[in-house]
Amino acid sequence: MLRFLALIAACALTGCEDQAGSGGVGSRDQIRVVGSSTVFPFTALAAEQFVDRNPNMKPPVIESTGTGAGLRLFCAGIGAGHPDIADASRRITASEYAQCKAHGAGALIEVQIGLDGIAFAQAKGGPTLTLSPLTLYRAIAAKPGGVINRARTWRDVDPALPAVAIQVYGPPATSGTRDALAQLILARGCEEAVPEMARKRDSDPNGYAAICTAVREDGAYVDAGENDNLIVQKLRANPDAVGIFGYSYLEENKDTVDGLPLSGVAPTYETIAEGRYPGSRPLFLYAKKAHLGAIKGLRSFLATYAGLWTPDGPMVRKGLIAAPPEVRARAADTIRHETTLDPAGLR
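This structure is a prediction, so every number in the text was calculated from the model and none was measured. Residues take numbers from 1 onward in each chain, read along the sequence in its written order. Only residues with pLDDT of at least 70 are given local features in this predicted model, and only at 80 or more are side-chain atom pairs given and counted; all residues enter the totals for whole chains, interfaces and linings. Computation of side-chain values covers all heavy atoms of the structure but excludes hydrogens and water.

Quick one: what's the story with the overall build of the chain, residue by residue and with numbers?
Helix numbering and strand numbering both begin at the N terminus, where a helix is a DSSP run of H or I of at least 4 residues and a strand a DSSP run of E of at least 2. Looking only at helices and strands, the chain has 14 helices and 9 strands in total. Based on C-alpha atoms, the radius of gyration is set beside the globule rule, defined as 2.2 Å times the residue count to the power 0.38. The C-alpha radius of gyration of the chain comes to 21 Å, within 12% of the 20 Å expected for a compact globule of 347 residues. Partly exposed describes any residue whose relative accessible area lies between the buried limit of under 20% and the exposed limit of over 50%, with all areas from a 1.4 Å probe on protein chains only and scaled to the type maximum. For the chain, buried positions account for 54% of its 347 residues. Residue contacts follow a heavy-atom distance rule, with two residues in contact if any of their heavy atoms lie within 4.5 Å. Excluding contacts between residues fewer than 6 apart, the proportion of contacts in the chain whose partners are at least 24 apart in sequence is 74%. Residue burial considers only the protein chains on display, and all accessible areas are found by Shrake-Rupley using a 1.4 Å probe. Element-wise, carbon and sulfur atoms account for 51% of the exposed surface of the chain, whose accessible area totals about 14300 Å². Positive charges are assigned to Lys and Arg, negative charges to Asp and Glu, while His and the chain termini are left out of the count. Think of each charge as sitting on NZ of Lys, CZ of Arg, CG of Asp or CD of Glu. Looking at the chain, you have 36 positive and 36 negative side-chain charges, and the mean spots of the two groups are 1 Å apart.

Here it is as structure tokens:
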């Protein structure tokens with residue numbers, strides 16, 4: 001697996017001849033991917049399969065940057081000096097797409113590769129915590145209800161919970177998992193606690209974010225970086241803590257950590273696939289149409305990816321939740337016909 005890890009690669013990669021400045025995409029004999037740490041294991045698996053099937057190809061260069069940082073790199077332009085694919089644990093936003101378009105990379109192929117769930121986990125043997133979007137909002141939001149958060153223990157936010165210090169290891173601001181935490185969990189808890197905030201989501205987005213989705217910076221919430229395996233290690237060292245990461249990491253570490261139910265629903269393959277788990281979310285990859293004919297093996301790599309996300313495929317065994325049949329069919333058709341994204345539905 002380590003052979004697929006790399007730092008950011010610029011035009012110094014072997015075979016790179018960037019002609020973007022003269023209107024051409026240029027060429028490169030190695031695929032470059034950036035983006036989500038949640039999607040990273042699945043793209044690494046696709047890369048491994050791709051090289052096994054094409055032994056004369058160089059392994060794709062894959063960097064786990066987080067969704068937001070990855071899309072910034074991806075949208076910076078076309079040409080061999082820019083990434084070909086962005087992994088994303090949420091959909092690209094309208095403003096991110098606008099950046100892509102402004103830099104000549106507006107022709108994008110959007111592919112939903114499957115589903116995932118934001119898992120809240122503890123080390124085995126930790127205190128019993130029954131959580132919900134509301135309790136999580138009250139525990140880790142910076143200003144729940146507009147008031148600076150002073151809660152120190154879980155009992156401070158819910159009398160039914162133990163008097164254990166609030167210590168949550170979670171993703172950084174650049175992460176799509178952090179965005180999904182804000183949108184799927186904190187926003188839901190906020191609107192339950194303060195119903196009038198639902199009206200401010202669109203009319204006052206900055207005010208809404210300050211009250212509903214900003215997280216604490218006083219040590220109760222710890223930015224643990226893009227390495228989700230590091231969060232697992234922190235949970236083992238501190239059984240009282242709660243960690244936040246993608247479901248695949250929960251599945252990979254089920255011998256040492258337990259997933260915590262949200263609103264009484266445990267994070268399992270079935271509950272996420274059926275949409276019953278509150279933290280269910282789609283996973284995506286984005287590819288530049290302009291690079292398909294210029295970057296050696298890129299079309300073949302995408303076709304390989306599409307053959308691995310079925311319910312009985314290796315990505316599911318790795319922790320991916322297979323998308324419904326109609327979603328998988330549409331995604332495969334998008335790759336086959338190189339259908340570009342219509343940005344009209346982006347937010």
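What follows continues from the structure just given.
Can you break down the packing of aromatic side chains residue by residue, with the values?
Only centres within 6.5 Å qualify two rings of Phe, Tyr or Trp (six-membered ring in Trp) as a pair; their planes then separate them into stacked at under 30 degrees, edge-to-face at over 60, and tilted for everything else. In this structure the tally under the stated criterion is 4 aromatic pairs. Aromatic side chains F301 and Y305 sit 6.0 Å apart centroid to centroid with 90° between the ring planes, which places their arrangement in the edge-to-face category. With F301 and Y305 both in helix α12 (residues 298–306), this residue pair falls 4 residues apart, about one helical turn. For F301, a relative accessible area of 0% gives the class buried. Each member of the aromatic cluster is reached from another via a ring pair, and the members are F50, F301, Y305 and W309. Note that K288 overlies the ring of F74, its terminal NZ or CZ placed 4.6 Å from the centroid. Counting as a charge over the ring demands two things of the Lys NZ or Arg CZ atom: a distance within 6 Å of the ring centre and an angle within 35 degrees of the ring normal.

Which residues make up the state of the cysteines, and what values do they have?
Throughout, disulfides are identified as pairs of cysteine sulfur atoms within 2.5 Å of each other. Taken as a whole, this structure holds 2 disulfides when the rule is applied. Two residues, C75 and C100, share a disulfide whose sulfurs are 1.9 Å apart. An S-S torsion of about -70° defines the bridge between C75 and C100 as left-handed. Within this pair, whereas C75 is found in the loop between α2 (67–74) and β3 (85–88), its partner C100 is found in helix α3 (residues 94–102), the two being separated by 25 residues in sequence. On the accessibility criterion, C100 (0% relative accessible area) is buried.

Summarise the pairing of strand β7 (residues 242–246); cite the residues concerned and give the values.
With 5 of its 5 residues buried, β7 lies for the most part within the structure. Direction of pairing for strand β5 (residues 168–170) relative to β7: parallel, over a ladder of 2 bridges. Bridge pairing in β7 places V168 opposite V242. In short, DSSP must find at least two bridges between two strands for them to pair.

Which residues make up unusual backbone geometry, and what values go with them?
For S263, which is not glycine, the phi torsion reads 50° and is therefore positive. Here S263 is to be found in the loop between β8 (257–259) and α11 (269–273). Although it is not a glycine, E338 sits at a positive phi angle of roughly 55°. Looking at the secondary structure, you find E338 in the segment after α14 (325–337). The exposure class assigned to E338 is buried, which follows from its relative accessible area of 19%.

Tell me about the confidence of the model for the chain, residues and numbers included.
Low pLDDT means the predicted coordinates in that region are not meant to be read closely. What pLDDT reports is the predictor's confidence in each residue, on a scale of 0 through 100. With 93% of its residues at a pLDDT of 70 or more, the chain shows a mean pLDDT of 91. With pLDDT under 50 throughout, residues 1–23 is counted as low confidence; its partners more than four residues away or in other chains account for 53 contacts.

I'd like a rundown of helix α8 (residues 205–213), residues and numbers included.
Taken residue by residue, α8 has Y208, C212 and T213 as its buried positions. Taken down its axis, α8 places every buried residue within 70° of arc, on the same side. In this structure, the buried side of α8 is in contact with α4 (133–140), α6 (176–193) and α7 (200–203). Note that the arc is computed from the directions linking the helix axis to the C-beta atoms.

Can you explain the packing of α6 against α8? Please cite residues and give values.
Running from amino to carboxyl end, α6 crosses α8 at an angle of 85°, the nearest separation of the two axes being 9 Å. With respect to α8, the axis of α6 lies roughly perpendicular. Contacts between α6 and α8 involve A182, L186, A187, C190 and E191 on the former and, on the latter, Y208, I211, C212 and T213. The residue makeup of the contact of α6 with α8, split by class, is 7 nonpolar, 1 polar and 1 charged. Convention adopted: a line fitted to C-alpha atoms gives each axis, helices being fitted over their contacting stretch, and angles between N-to-C directions are expressed from 0 to 180 degrees. Roughly parallel covers angles under 35 degrees, roughly antiparallel covers those over 145, roughly perpendicular covers 65 to 115, and oblique covers all other angles. Here the nonpolar group is Ala, Val, Leu, Ile, Met, Phe, Trp, Tyr, Cys and Pro; Asp, Glu, Lys and Arg are the charged ones; every other residue, Gly included, is treated as polar.

Break down the environment of V33 for me, citing the residues and quoting the values.
Relative to the helices and strands, V33 resides in strand β1 (residues 32–35). The buried category is assigned to V33, whose relative accessible area is 0%. In sequence terms V33 and L73 are 40 residues apart; their C-alpha atoms lie 9.9 Å from each other. When residues no more than four places from it in sequence are discounted, the contact partners of V33 are T43, V61, I62, E63, I85 and D87.

Give a detailed account of the packing of helix α1 (residues 40–53) against α12, specifying residues and quantitative values.
Running from amino to carboxyl end, α1 crosses α12 at an angle of 115°, the nearest separation of the two axes being 9 Å. Of the two elements, α1 crosses α12, and the hand of that crossing is right-handed. Seen from α1, the contacting residues are F42, T43, A46, A47, Q49, F50 and R53; seen from α12, they are S300, F301, T304 and Y305. Here the contact of α1 with α12 is composed, by residue class, of 6 nonpolar, 4 polar and 1 charged. By the definition used in this description, the sense in which the near helix is turned from the far one sets the handedness, with an anticlockwise turn below a right angle giving left-handed and a clockwise turn giving right-handed.

Describe the side chain of T43, naming the residues involved and giving the relevant values.
Inspection of the secondary structure assignment puts T43 in helix α1. Whenever two N or O atoms come within 3.5 Å, that pair is a polar contact, provided that in protein one can donate a hydrogen and the other can accept it, and provided that, for residues adjacent in sequence, both atoms are side-chain atoms. In terms of polar contacts, T43 uses its side chain to reach the side chain of Y305, at 2.8 Å. In contact with T43, other than residues within four places in its own chain, are V33, I62, D87, F301 and Y305.

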